[in-house]
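# Observations on chain architecture
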Amino acid sequence: MEANNITAAPQAADVNALYDVWRETNVGNKEQFYKFLTTPSTERDEFINAHPVEISFTGSILMVTAKP
């Protein structure tokens, strides 16, 4: 049987804290950070994966929440 879980966009438990971490290696304001978080990319995946994440399910939707 095949699992068809839908992965939701990553969530941030504390956007301000993650923005501070992002600013350590990037130049940009919060608007650019939000664009970075909402645009799928290898860099975004690496950033999210470099932080502790919480995995949860709502029905068939898998949610990844990054924590600072």
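This text follows the structure it describes.
Moving on, we get to the overall build of the chain. When you go through the chain residue by residue, the secondary structure sums to three helices and four strands. When its helices and strands are written in sequence order, the chain yields β-β-α-α-α-β-β. For the chain, the spread of C-alpha atoms along the principal axes amounts to about 45 × 20 × 20 Å. Residue pairs in contact within the chain that sit at least 24 positions apart in sequence constitute 43% of those at least 6 positions apart. Entry remark: accessible area of the chain is about 4,900 Å², with carbon and sulfur atoms responsible for 53%. With 5 positive and 9 negative side-chain charges, the chain shows a separation of 7 Å between the mean positions of the two kinds.

We now examine the nonpolar core. Residues Leu18, Tyr19, Trp22, Phe33, Phe36, Leu37, Phe47, Ile48, Leu62, Val64 and Ala66 constitute the largest nonpolar core, which totals eleven residues. Elements supplying a minimum of two residues to this core: helix 1 (15-23), helix 2 (30-38), helix 3 (42-49) and strand 4 (61-66).

With that out of the way, let us pick up the pairing of strand 3 (residues 53-58). In the sheet, strand 3 pairs with strand 4 via six bridges, with the strands oriented antiparallel. Along strand 4, the bridge assignment pairs Ser56 with Met63. Linking strand 3 to strand 4, which pair antiparallel, is a turn of two residues; within it Gly59 sits at a positive phi near 60°.

Looking now at the packing of helix 2 against helix 3. Running from N to C, helix 2 and helix 3 point in directions that differ by 95°, and their axes come no closer than 8 Å. Of the possible angle classes, the one that applies to helix 2 and helix 3 is roughly perpendicular. Every residue of helix 3 that contacts helix 2 at Phe33, Phe36, Leu37 and Thr38 is listed here: Glu43, Arg44, Phe47 and Ile48. For the contact of helix 2 with helix 3, the per-class residue count stands at five nonpolar, one polar and two charged.

Calculation criteria
Residues numbered from 1 in each chain as written. Predicted model: local features only at pLDDT ≥ 70, side-chain atom pairs only at ≥ 80, totals over all residues. Heavy atoms only, no water. Helix = DSSP H or I, 4+ residues; strand = E, 2+ residues; numbered from the N terminus. Contact = heavy atoms within 4.5 Å. Areas by Shrake-Rupley, 256 points an atom, 1.4 Å probe, with all protein chains shown as cover. Lys, Arg positive; Asp, Glu negative; His and termini not counted. Charge placed at Lys NZ, Arg CZ, Asp CG, Glu CD. Core = buried A, V, L, I, M, F, W, Y, C linked by side-chain atoms within 4.5 Å. Buried < 20%, exposed > 50% of the residue type's maximum accessible area, 1.4 Å probe, protein only. Pairing = 2+ DSSP bridges. Axes fitted to C-alpha atoms, helices over the stretch in contact; angles between N-to-C directions. Parallel < 35°, antiparallel > 145°, perpendicular 65-115°, else oblique. Nonpolar A, V, L, I, M, F, W, Y, C, P; charged D, E, K, R; others polar.

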